[in-house]
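Letter by letter, the chains look like this.
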Amino acid sequence: MKINPDKSWRLVAERLEAETEPRRRHVLQLVLHHMQRELRLDIEGVIDTLSDKPQYKIWPNVDDPVASPGGSKDAIRDLYDRALVQTGAHRWELDLDRVIVDDHAVFTEGVMRMAYPGRTLEALGIEVPDVDSYYLSEVRMGIVWPIDPDDPEARLSGEEVYAEGDRFEGIADRPISLDEIAPLESLGA
């Protein structure tokens, strides 16, 4: 398999299992829940992990209100709808090699692999050999998952995403079949 979506959260789950401090366990549990719901396009489940005025900061487009929305849960719902649901670009893995936690945030780092539909790439102005196929983007990514210090439930205040390079560079040369994407595991009850 080139993409295993459930690999995205496994290192966070391992770190949670090893953590004994209650506040850090809470912070890790929020990130774990957020990641698992995000992979399943359970947007309301993702929203449940966020404080009332979340802010997403996607670098280097931090000043672009479309790429880095915030201020309300509706703005974040709209981001997920536009970026994942409408584009069909919701098959990915974040192959983590680092998880750091303190009482105020989690930091995750690894390689993001994402299958983009050819039609989505075409709409972005990227030429691909077959618009009915999928193409693999890869980029090294770090994400800060801060806790809102003013939120009584200590929920996430959003995400701060940093990526190295251009995820679309050479993407037309990396076709991927849907058969190369592992199915999502059941989360159970």
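Here the structure is shown first, and the text comes after it.
One structure accompanies this document, and this report is about it. Because the structure is predicted, anything quoted here is derived from the model rather than measured. (Residues numbered from 1 in each chain as written. Predicted model: local features only at pLDDT ≥ 70, side-chain atom pairs only at ≥ 80, totals over all residues. Heavy atoms only, no water.)

**Digging into the overall build of the protein**
Working step 1: Of the regular secondary structure elements, the protein holds five helices and six strands.
Working step 2: Secondary structure elements of the protein, listed N to C terminal, follow the sequence α-α-α-β-α-β-β-α-β-β-β.
Working step 3: Compactness check: the protein gives a C-alpha radius of gyration of 16 Å against a globular reference of 16 Å for 189 residues, within 12% of the reference.
Working step 4: The C-alpha extent of the protein, read off along each of the three principal axes, is 50 × 35 × 30 Å. (Helix = DSSP H or I, 4+ residues; strand = E, 2+ residues; numbered from the N terminus. Rg over C-alpha atoms; globule rule 2.2 N^0.38 Å.)

**Comments concerning the nonpolar core**
It is characteristic of soluble globular proteins that their nonpolar side chains tend to be buried jointly.
Working step 1: Ranked by internal contacts, the top residues of the largest apolar core, which has 42 residues, are V12, M35 and V106.
Working step 2: Counting residues per element, this core draws most heavily on helix α2 (residues 22-39), at seven residues. (Core = buried A, V, L, I, M, F, W, Y, C linked by side-chain atoms within 4.5 Å. Buried < 20%, exposed > 50% of the residue type's maximum accessible area, 1.4 Å probe, protein only.)

**Brief notes about the environment of D130**
Working step 1: Residue placement: D130 occurs in the loop between α5 (118-123) and β4 (134-146).
Working step 2: When the C-alpha positions of D130 and I100 are compared, they lie 40 Å apart, and in sequence the two are 30 residues distant.
Working step 3: Those residues within four positions of D130 in sequence are excluded, and the remaining contacts are G118 and Y135.
Working step 4: Engagement of the side chain of D130 in a polar contact is seen with the backbone nitrogen of D132, the distance being 2.9 Å. (Contact = heavy atoms within 4.5 Å. Polar contact = N/O pair within 3.5 Å; in protein donor to acceptor, adjacent residues only side chain to side chain.)

**Points about the packing of aromatic side chains**
Working step 1: Under the criterion given, the structure shown has three aromatic pairs.
Working step 2: Ring centres 5.0 Å apart and planes at 70° place the aromatic pair Y116 and F168 in the edge-to-face group. With Y116 in strand β3 (residues 105-117) and F168 in the loop between β5 (156-164) and β6 (175-176), this pair connects stretches of sequence that are 52 residues apart.
Working step 3: By relative accessible area, which is 9% here, Y116 ends up buried.
Working step 4: For F168, a relative accessible area of 24% gives the class partly exposed.
Working step 5: A cation over an aromatic ring shows up here: R10 above the ring of W9, its NZ or CZ 5.8 Å from the ring centre. (Phe/Tyr/Trp six-rings, centres within 6.5 Å; stacked < 30°, edge-to-face > 60°. Lys NZ or Arg CZ within 6 Å of the ring centre and 35° of its normal.)

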